[in-house]
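Here are the chains, one letter per residue:
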Amino acid sequence: MATYARLDRAAVESLGQRFGVGDIATFSIMDGGLENSSYYMKTSSGVAYVLTLWDQKSRQHANNLARLLAYLVGQGFCTSSVV
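Caption draft 1: Geometry of the overall build of the protein chain. Per the secondary structure count, the protein chain includes two helices and three strands. Across the protein chain, helices and strands are ordered from the amino to the carboxyl terminus as α-β-β-β-α. By principal-axis analysis of the C-alpha atoms, the protein chain measures approximately 35 × 30 × 20 Å. Across the 83 residues in the protein chain, those meeting the buried criterion constitute 17%. Contacts in the protein chain between residues at least 24 apart in sequence constitute 28% of all its contacts with a sequence separation of at least 6. Total accessible area on the protein chain is roughly 5800 Å²; 52% of this is exposed by carbon and sulfur atoms. Between the centroid of the 7 positive side chains of the protein chain and the centroid of its 6 negative side chains there is a distance of 7 Å.

Listed below in structure tokens is the structure:
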């Protein structure tokens, strides 16, 4: 996977605070995917998150995906939850 957006620790911690996920203990760039930059983050309490930056998609695409994932979770599917 190409990483379009490189985030440093300060940027990742700022995003963690913005979305209320807690203090970020570790993070790393993830391999795989297409047209985005994804980071695996683990909080100091041990909760894991994936931060995906849609470098090549519009806000509308992100909103559509968020609605789809919320629907799937609501229907009992095991999938990503949006924070």
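Caption draft 2: Highlighting the nonpolar core. Ranked by size, the top nonpolar core spans eight residues in total: Ala-5, Val-12, Val-21, Ile-24, Tyr-39, Met-41, Leu-51 and Leu-53. Only strand 2 (37-43) and strand 3 (48-53) provide two or more residues apiece to this core. Among all residues touching Leu-53, those that are not within four sequence positions of it are Ala-5, Leu-7, Asn-36, Ser-37 and Tyr-39.

Caption draft 3: Fine view of the sheet that holds strand 1 (residues 24-29). Pairing is antiparallel across the open sheet formed by three strands, whose spatial order is 1-2-3. For this open sheet the edge positions go to strand 1 and strand 3, each flanked by a neighbour on one side alone. Averaged over all adjacent pairs, the angle separating strand axes in this sheet is 25°, with direction ignored. In the sheet, strand 1 pairs with strand 2 via five bridges, with the strands oriented antiparallel.

Conventions and cut-offs
- Residues numbered from 1 in each chain as written.
- Predicted model: local features only at pLDDT ≥ 70, side-chain atom pairs only at ≥ 80, totals over all residues.
- Heavy atoms only, no water.
- Helix = DSSP H or I, 4+ residues; strand = E, 2+ residues; numbered from the N terminus.
- Buried < 20%, exposed > 50% of the residue type's maximum accessible area, 1.4 Å probe, protein only.
- Contact = heavy atoms within 4.5 Å.
- Areas by Shrake-Rupley, 256 points an atom, 1.4 Å probe, with all protein chains shown as cover.
- Lys, Arg positive; Asp, Glu negative; His and termini not counted.
- Charge placed at Lys NZ, Arg CZ, Asp CG, Glu CD.
- Core = buried A, V, L, I, M, F, W, Y, C linked by side-chain atoms within 4.5 Å.
- Pairing = 2+ DSSP bridges.
- Axes fitted to C-alpha atoms, helices over the stretch in contact; angles between N-to-C directions.

Taken by themselves, the reported measurements are silent on function.
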